[in-house]
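Spelled out, the chains give:
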Amino acid sequence: MGFRTGPSVFKDRAKVSFDYVPEKLPHRDAQMQRLFSIFRPVGDSGIAANAFLYGSVGTGKTHTAKRFCEDFRVYANKQGRGLDHVHVNCRQKMGDDAVLLQILKHFDPRFPDRGFAIPEKLDSLRKWIEKQQVHLVIILDEVDALLKKSGSDLVYTFSRFGEEAGRGNVSLILISQQREALDRLDAASMSTFRRTNGVEFPKYSKEELSDILKIRVGLAFHPGTLDADIVDLIADVASEYGDARYAIDLLERAGALADEEFSGEVTPENDRGAKASVTQSDLHERIGELDRPQRLVLLGIARKIRRKAYITTGEAEDAYGIVCEEFHEKRRAHTQFWKYLQDLDAMGLIDAKKSGEGVVGKTTMISLPGIPAKMLSDNLEATLKRRRGM
């Protein structure tokens, strides 16, 4: 078959991928300098340092951590020290074992997926660090998922690595959307993460988002294909959330729509079309990580909670049963349902907390952290119907 083609508005579409980390991050100089202050002893003396980065979705936490590690490696090398870093998204790699495996594969891509217990993996990691004679900075992104799933043992082990690793050492950068994430650490680990090591990432203003978008436009688009008014429109829409990730997603989608029309330029209509098809935050991505039973449980919760702040686990289970009937799925037993709840909690899609005093027979209360129930249920219904081909 012959494909119809036309000129693309993109000269390098990869530059509007959210995974691309620019050489310079606008409006994050203060956070970069703060990280340098915390980590300077690593470069100067090889002493481990730890930082905690927190702020809403799309405020530049991950990009800043990665850019900082790249830039700081140059500083450390000038001081005669080897430095390496590895980034792990703890929501995608659930639990201590999966996190450790990804770190090991950074050094040895052929390291086997199975057959090694956690102590053996830690021993292998020590040997790699000593062999390479590097100071390893481990970035644990969405660290709440790890702490909820496995507790703080791994964070504690990493924070004490230098005491046993001879020539090598480990520093940590923990990242979370929640300032309270560190409350899940035990006392021993908490002492390592002093409150003074926190680095806050505020939401971006409209003007700041506009600056970020202009840089991406210059990198990704052919000159003359995207007017400054379009950048302002996108910045205006994304400024409601202060979310650069959303802004960059809108920019890429608007460009893709222009290419689909072979128009050679991005129009306000492309911008409106992008807004209709891109969901704020990483909701699609997060739903995509769920299996079908987990989606059914989450849909039940989203529907039940729409007019409430909290629901009980009993109400959630009843709602799950109704959803199973609707989608002709077998309802799982209570034990399995409880496991799904714990998984959804670890992934940050729900917040499950024990009820306070005054509630008869303490129960677990469920809330939705920052995701509108209607948006969540609409997204889930669409994916569940698609899966069934309805």
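Preceding block: the structure.
What counts and what doesn't
Throughout this description, residue numbers start from 1 for each chain and increase along the sequence as written. In keeping with the predicted nature of the model, local features appear solely for residues at pLDDT of at least 70, side-chain atom pairs appear and are counted solely at 80 or more, and the whole-chain, interface and lining totals rest on all residues. Calculated side-chain values reflect all of the structure's heavy atoms, with hydrogen atoms and water omitted. In this text, helices come from DSSP runs of H or I with a minimum length of four residues, and strands from runs of E with a minimum of two, each type numbered from the N-terminal end. Only C-alpha atoms enter the radius of gyration, while the globule expectation follows 2.2 Å times N to the 0.38, with N the number of residues. Using a 1.4 Å probe on the protein chains alone, a residue whose accessible area is under 20% of its type maximum counts as buried, one over 50% counts as exposed, and one in between counts as partly exposed. We call two residues in contact whenever any of their non-hydrogen atoms come within 4.5 Å of each other. To be clear on the numbers: accessible area is Shrake-Rupley with a 1.4 Å probe, and residue cover counts the displayed protein chains and nothing else. For the charge count, each Lys or Arg is scored as positive and each Asp or Glu as negative, with His and the chain ends excluded. Every charge is mapped onto a representative atom, which is NZ of Lys, CZ of Arg, CG of Asp or CD of Glu. Here a cavity means grid points, on a 1 Å grid over the protein atoms only, where a 1.4 Å probe fits yet cannot get out; a pocket means an open set of points with protein on both sides within 12 Å along at least five of seven lines; lining residues are those with an atom within 4 Å of a point. Grid points are joined across faces, edges and corners, and a volume is the space filled by probe spheres set on the points. Side-chain classes are defined by residue name, with Ala, Val, Leu, Ile, Met, Phe, Trp, Tyr, Cys and Pro counting as nonpolar, Asp, Glu, Lys and Arg as charged, and the others, Gly among them, as polar. Salt bridge, as applied in this entry: a Lys or Arg side-chain nitrogen positioned within 4 Å of an Asp or Glu carboxyl oxygen. Note on aromatic pairs: the rings of Phe, Tyr and Trp (six-membered ring only in Trp) are paired at centre separations within 6.5 Å, and the planes decide the class, stacked below 30 degrees, edge-to-face beyond 60, tilted for the rest. The convention used is that axes are lines fitted to C-alpha atoms, helices contributing only their stretch in contact, and that angles between N-to-C directions extend from 0 to 180 degrees. The cut-offs work like this: below 35 degrees is roughly parallel, past 145 is roughly antiparallel, 65 to 115 is roughly perpendicular, and the gaps in between are oblique. Left-handed describes a crossing whose near helix is turned anticlockwise from the far helix by less than a right angle; the clockwise case is right-handed.

Asker: Lay out the overall build of the chain in plain terms, naming residues and giving numbers.
Answerer: Looking only at helices and strands, the chain has 16 helices and 8 strands in total. Its C-alpha atoms give the chain a radius of gyration of 23 Å, near enough to 21 Å, the size a compact globule of 390 residues would have. Counting only C-alpha atoms and orienting by the principal axes, one finds that the chain spans roughly 65 × 60 × 45 Å. Taken over 390 residues, the chain has a buried fraction of 50%. When contacts within the chain are restricted to residue pairs at least 6 apart in sequence, those whose partners lie at least 24 apart make up 74%. Of the accessible surface of the chain, which amounts to about 18900 Å², a share of 49% is contributed by carbon and sulfur atoms. In the chain, which carries 59 positive and 58 negative side-chain charges, the distance between the mean positions of the two groups comes to 3 Å.

Asker: Describe the layout of surface pockets, listing the residues and the values that go with them.
Answerer: For the second largest pocket, the calculated volume is near 470 Å³. Around the second largest pocket, the lining comprises 22 residues; the ones closest to its centre are F18, T62, N89, D141 and R245. Elements with a minimum of two residues in the lining of the second largest pocket: α2 (61–78), β2 (82–89) and β4 (169–176). Looking at the lining of the second largest pocket element by element, the count peaks at 4 residues for α2. Along the lines of polarity and charge, the residues of the lining of the second largest pocket split into 3 nonpolar, 10 polar and 9 charged.

Asker: Tell me what's going on with the pattern of salt bridges, and back it up with residues and numbers.
Answerer: Pairing is possible between side chains of opposite charge, provided their charged atoms come close. Counted by the stated rule, this structure contains 22 salt bridges. For E315, the salt bridge identified is with K308, shortest N-O distance 2.8 Å. The class of K308 is partly exposed, set by a relative accessible area of 39%. Here D351 and K353 are joined by a salt bridge, their closest N and O atoms 2.7 Å apart.

Asker: Lay out the packing of aromatic side chains with the relevant residues and their values.
Answerer: What the rule picks out here adds up to 13 aromatic pairs. Ring centres 6.3 Å apart and planes at 70° place the aromatic pair F39 and F72 in the edge-to-face group. You can see F39 sitting in helix α1 (residues 29–45) and its partner F72 sitting in helix α2, a full 33 residues away along the chain. Of the two residues, F39 and F72, both sit in the buried class. Chaining the aromatic ring pairs together yields one cluster made of F36, F39, F68, F72 and Y75.

Asker: Requested: an account of the packing of α1 against α2, with residues and values cited.
Answerer: Contact geometry of α1 with α2 gives a least axis separation of 10 Å together with a crossing angle of 40°. Our classification of the angle between α1 and α2 gives oblique. Judged by the sense of rotation from one axis to the other, the crossing of α1 with α2 is right-handed. For the pair formed by α1 and α2, the contact residues are Q31, M32, L35, F36, F39, R40, V42, G43 and D44 on the first element and T64, R67, F68, D71, F72, Y75 and A76 on the second. When its residues are assigned to classes, the contact of α1 with α2 shows 9 nonpolar, 3 polar and 4 charged.

Asker: Explain empty space enclosed by the protein residue by residue, including any values.
Answerer: Applying the stated criterion to the full structure yields 1 cavity of 30 Å³ or more. The space that makes up the largest cavity amounts to roughly 150 Å³. In terms of lining residues, the largest cavity is bounded by 15 residues, among which L25, H63, Y204, I212 and A244 are the most central. Those elements that provide at least two residues to the lining of the largest cavity are α2, α8 (206–220) and α10 (244–260). Broken down by element, the residue count for the lining of the largest cavity peaks at 3 residues, all from α8. By residue class, the composition of the lining of the largest cavity is 9 nonpolar, 4 polar and 2 charged.

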